[in-house]
2 protein chains.
Amino acid sequence: MKIFKTTKTTKEYLKNNKNETIGFVPTMGALHDGHLSLIKQSKEQNDITIVSIFVNPTQFLDGEDIDKYPHKPQADEKICEIAKVDVLFVPNEKKIYFDQETKLFAPSIKAYILEGYDRPGHFDGVLQVVNKLLNIVKPTFVYFGKKDAQQLYLVKNMVEEFFLDVSVVACETIREANGLAKSSRNTYLSKEDTLKALQISKALNIAIKYVQKGEYDAATIKTKISKQLKNLYIYYVEIVDKNFNYIDKIEINNTIVLVAVNINNTRLIDNIWL
Amino acid sequence: MKIFKTTKTTKEYLKNNKNETIGFVPTMGALHDGHLSLIKQSKEQNDITIVSIFVNPTQFLDGEDIDKYPHKPQADEKICEIAKVDVLFVPNEKKIYFDQETKLFAPSIKAYILEGYDRPGHFDGVLQVVNKLLNIVKPTFVYFGKKDAQQLYLVKNMVEEFFLDVSVVACETIREANGLAKSSRNTYLSKEDTLKALQISKALNIAIKYVQKGEYDAATIKTKISKQLKNLYIYYVEIVDKNFNYIDKIEINNTIVLVAVNINNTRLIDNIWL
C-alpha cells in the first residue's frame, strides 16, 4: 500500500495510472465496518482504490470540538492495509486549504435543514473538501454511506452542478448485530449510552413495520418513532423524499425517514430508505 | 468547426479526443481582437482550441443590464470559423445553471476591492461559471486577458485552491492603434466618448514614463494619472502588487497600475503591468 501525504505525489501517481479506473473512499479516519464496506465495494468496481483520511476542519462549527474527534492513525493504516487499499492519502491541512480562499456554499435551503439546521455551515465545509478531494483524486467512482443521507444528497447535487466526472455510489448503512448504525462517534458511548442508542434503530424498525402494514401518513409514522425515542433528546424525526423535500405521504422508493438524537453529548444520526 | 450547445455533446467530443491538448478561451461573445489574440495563442499551444460563448448571468449584479450586453452570435461564429477554432461551445443558461445550486464565493477581501467594490458579488459569478466551464472542457491551458487583471488573479487562485488540472495563461491587452484597450463595451462608445476614453491609455503611458524616470512612489504616480483623467468620472486609480495588495512603492515585475472610469454610463477598465 502506498501512503501519500501531499497532493503532488498523489497526482503524480494518478498520472502514471491514468488508464485505470479509480475508486475513492474519502473518510475522516477512525475507520469501522461502515468504511470497510465502502472500501470493499470500491475494490470490486475499480482497478485502484484510494482512501483518504482527513479530519476536515471546515465542517466543524465554532464550539464543536474537532480535537476530540477520534484519531487512530496507526489502526486506520493497518485496516487499510488488510483491506488491500492501493493508496492511502493522508494530506496535511496546509496542503488542502489556503489563506482566504474561494469558498463553496451549500444551497441555502437543503443544506440548512435537518443536520444543517443544528450545524449551520457544516455542509459548506463538507462540499468544500469533497470538491477539492475529487479534483485531486479524479476518481471514476466515489463512495458515500447512506447513513449520512443529507451529505450524500448534497454531494450528488454538487457533482452534477459542477460537472464533475465521477459517479457517486450510495452504500448501505452497516449496523452492529444489535442494530446500532456503525459510526466513528460510537466510540464516545458508554455501555449505558449504547443501550439508549439501540432505541434509534428499534424506532426505525417500528416505522418500517407500520409502513409495511399500509400506514403511509408521515405524521403518524413520526409520532410512532418519537414515542419510541421518548427517553432521548431528539434533534429531529423527519420524513423527506429523495430530494430532501418534507413530505406528508410516504411514497415507496422515494422516502427517507431521518432521526437525530443526542445521547450524553454525542450526536447520533440514523435513517431508513423506504 | 463544430458547434456544441450542450455540455453532453461537448463532453462526448472531448472523451473521443482525450489524448489531445485542449486550449480553452471562455468568452461572453461580442468577439474582438483581444479575444482573437487569446484564440491565436491557444492554437499555437494546443491540438484543439475550444471557444465558449456564454453571457453569464451570475456575474451581472441586480440593476446591471445583462440584456444590453452586446450580442452578435452570427459575427462571433464567423470570427471563430475564420480563426480556425475547432469547437465553439454555446451552452444554454439552463444547461449551465441549476435551481438552488451550490455556489462559489470569491475570497472576501481580494474580490471585494476595486472591481469588486463597485460590483460586489461580480467575481462570485465569474468564478462559479469558470469553475463549471473548466470542469466541462477540462482544458490543458485556459486563456485570460491581463486587461481583466483582478479576474485573472482570482481565477488563478481558484484553480490552485481547487486543484484544477489546468494552466492559466495570462495574455497581453490588445489595443486600438490610438491606444484604447479593446473591449466588448467599446461598442457602447460614441465618437466623443472614444476621444474621452483615450485619456485612459494616455494616463497609463504617462505613469510608465514617470516610473522609467525613477519615480516609484505609488501616491505620486496615482496623482499623475488622476490629473490626466480629470475630465472623467473615476471609479479608482490604484496600484497593487501581483497578489492584489495595495502598495506604496512600485516594484518592477510585481506591480499593476489599475484604472476604472465611467464614460457616459459605460464602465471602462485598463491597466499596466510594471
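Keep in mind it's a predicted model, so treat the numbers as computed, not measured.

A. Local environment of the domain arrangement of chain A. Residues and elements named next belong to chain A. Taken domain by domain, chain A consists of domain 1 (2–171) and domain 2 (184–273). Once you take the C-alpha centre of each, domain 1 and domain 2 turn out to be 26 Å apart. Domain 1 puts 13 residues into the contact, and the matching count from domain 2 is 13 residues. Secondary-structure elements contributing two or more residues to the side of domain 1 that touches domain 2 are helix 5 (115–118) and helix 7 (149–161). Here the element with the most residues in the side of domain 1 that touches domain 2 is helix 7; it accounts for 3 residues. For the side of domain 1 that touches domain 2, the residue count by class is 6 nonpolar, 2 polar and 5 charged.

B. Just helix 3 (residues 73–82) of chain B, in detail. Residues and elements named next belong to chain B. Of the positions making up helix 3, those classed as buried are D76, I79 and C80. Angular distribution of buried residues about the axis of helix 3 spans 95 degrees; they occupy a single face of the element. When the buried face of helix 3 is taken as reference, the exposed residues oriented beyond 90 degrees from it are Q74, K78, E81 and I82. Where the residues of helix 3 are buried, they touch strand 3 (48–53) and strand 4 (87–89). Just beyond helix 3, the residue with positive phi is K84, at close to 60 degrees.

C. Fine view of the interface of chain B and chain A. Listed as interface residues are 24 residues of chain B and, on the opposing side, 24 residues of chain A. For the side of chain B that touches chain A, the elements supplying multiple residues, two or more each, are strand 5 (103–105), helix 6 (122–137) and helix 7 (149–161) of chain B. Here the side of chain B that touches chain A gets 5 residues from one element, more than from any other, and that element is helix 6 of chain B. Partitioned by chemical class, the residues of the side of chain B that touches chain A number 12 nonpolar, 7 polar and 5 charged.

D. Molecular detail of the relation of the copies chain B and chain A. The transform that puts chain B on chain A rotates by 180 degrees and translates by 0.0 Å along the axis, for an RMSD of 0.0 Å. Taken together, the rotation and translation relating the two chain copies correspond to the operation of a two-fold axis. The position closest to the rotation axis in chain B is occupied by the C-alpha of L104 of chain B, lying 2.2 Å away. A shared interface surface links the copies, since 100% of the contact residues of chain B are contact residues in chain A too.

Reading the values: the criteria
- Going along each chain's sequence as written, the residues are numbered from 1 onward.
- Lettering for chains starts from A, numbering for ligands starts from 1, and both go in the order in which the items are written.
- Predicted model: local features are reported for residues with pLDDT of at least 70 only, side-chain atom pairs are reported and counted for 80 or more only, and whole-chain, interface and lining totals are derived from all residues.
- Domain delimitation in this document rests on an assignment produced automatically or drawn from a domain database.
- The contact criterion used here is simple: two residues whose C-beta atoms, placed from the backbone, lie within 7 Å are in contact.
- Runs of E in the DSSP output that reach at least two residues are strands. Runs of H or I that reach at least four are helices, and both are numbered from the N terminus.
- Any residue outside Ala, Val, Leu, Ile, Met, Phe, Trp, Tyr, Cys, Pro, Asp, Glu, Lys and Arg is labelled polar, Gly included; the first ten of those are nonpolar and the last four are charged.
- For every residue, the other C-beta atoms within 10 Å of its own C-beta are counted; 20 or more classify it as buried, 12 or fewer as exposed, and values in between as partly exposed. C-beta atoms are placed from the backbone.
- The directions from the helix axis to the C-beta atoms form the arc being described.
- Overlaid copies result from least-squares superposition on C-alpha atoms, with residues included only where pLDDT is at least 70 in both.

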